[in-house]
Amino acid sequence: MFEDISKVVLLSDMDGTLLDSHKQITDTDRRAIERFTAMGGHFTVATGRTIQSFDQYRSMLELKYPIIMYNGAAIHDYISGKALYTHPLPLEAKAYTRELLELMPQAGGEVLKAEGTFVFSNTDYQQLHTKLCNIVPNYAELSDIADGGWLKVLFSLAPEDVDYMQILVKKQAYEGVDFVKSSDIFLEMLPKGVSKGSALAQYRKLEGMEDFTFVSIGDFDNDIEMIVEADLGACPANAEDSVKAKADLVLTRTNDEGAVAELIEHITERCSK
């Protein structure tokens, strides 16, 4: 699988995996990524973040390869400034969002589009997400957010309310969409069948990437499909049990201890044999 390191792509989740508890990249991981790419390996990320919210990390990582964004609804190439793949939500997503807000008015929320983030319910939990992403969003009534091009809707709530909303959306049986928990306080509406894993399947089809080996690493429920789709799927020691159950490789280090570096050591050791 790892005969040629120049044919290996490592896709890493951000929060809880590449980023430590302080939302920084550890020196251990940074040095390992530099060694990996110097040897010819290809490093990129798969994130729920938007084009705008990921921008703060571009200078840290100097990524040269396309990035999976919006939890799989898009693949963006920062070098060309173009979207290589997008899969937007159906137009019915606005009606679904309106109904969920009526049923759970305590929910914060935002619509994520390629051109920006549109906050329609600015609760304390929503403000926490805005701060986490380090962006200046657009504030608008849900009815005023233009139809079309919705890549995902993020709901922000107390942990117990996220769990209840998960039960609620199953009962509603909305067509054309899926819901995924991306943290204890975030639940996301995505296009049906869209995940980081489905985006990885699209990544394999990009020009010049057809014969590459893909390795992935992630820690939360929204990373499971990517871990399964990869040729080797790994998770840090701090990953959810549901993720560990699907991973080919459960690492011994957490995101605070350089889990990505440990995975890179595993790859390079196998390449040298």
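Everything here concerns the structure above.
Residues numbered from 1 in each chain as written. Predicted model: local features only at pLDDT ≥ 70, side-chain atom pairs only at ≥ 80, totals over all residues. Heavy atoms only, no water.

### Some thoughts on the sheet that holds strand β4 (residues 74-77)
And step 1. Taken together, three strands build an open sheet; the order of strands is β3-β4-β5 and the sheet is antiparallel. Bordering the open sheet on either side are β3 (67-69) and β5 (82-86), each of which pairs with just one other strand. Between one strand axis and the next, the sheet turns by 30° as a mean value, whatever way the strands run.
And step 2. For β3 and β4, the ladder comprises three bridges, and the chain directions are antiparallel. Bridge assignment links I68 to a residue of β4, and that residue is I75.
And step 3. Of the strands in this sheet, β3, β4 and β5 touch helix α6 (residues 196-203), which is tilted by about 145° from β3. (Pairing = 2+ DSSP bridges. Helix = DSSP H or I, 4+ residues; strand = E, 2+ residues; numbered from the N terminus. Axes fitted to C-alpha atoms, helices over the stretch in contact; angles between N-to-C directions. Contact = heavy atoms within 4.5 Å.)

### Quick word on the packing of aromatic side chains
And step 1. Taken as a whole, this structure holds six aromatic pairs when the rule is applied.
And step 2. Ring geometry for F54 against Y57: centres 6.1 Å apart, planes inclined by 40°, an arrangement best described as tilted. With F54 and Y57 both in helix α2 (residues 51-61) and three residues apart, the pair spans about one turn of that helix.
And step 3. The exposure class of F54 is buried, given its relative accessible area of 0%.
And step 4. With a centroid separation of 6.3 Å and an interplanar angle of 40°, the aromatic rings of Y174 and F179 are classed as tilted.
And step 5. Taking relative accessible area as the criterion, F179 reaches 22% and is therefore assigned partly exposed.
And step 6. Among the aromatic residues, those joined into a cluster by ring pairs are F54, Y57 and Y78.
And step 7. Across from the ring centre of F118, 5.8 Å away, lies the NZ or CZ of K113, which sits over that ring. (Phe/Tyr/Trp six-rings, centres within 6.5 Å; stacked < 30°, edge-to-face > 60°. Buried < 20%, exposed > 50% of the residue type's maximum accessible area, 1.4 Å probe, protein only. Lys NZ or Arg CZ within 6 Å of the ring centre and 35° of its normal.)

In short, geometric facts, not functional conclusions.
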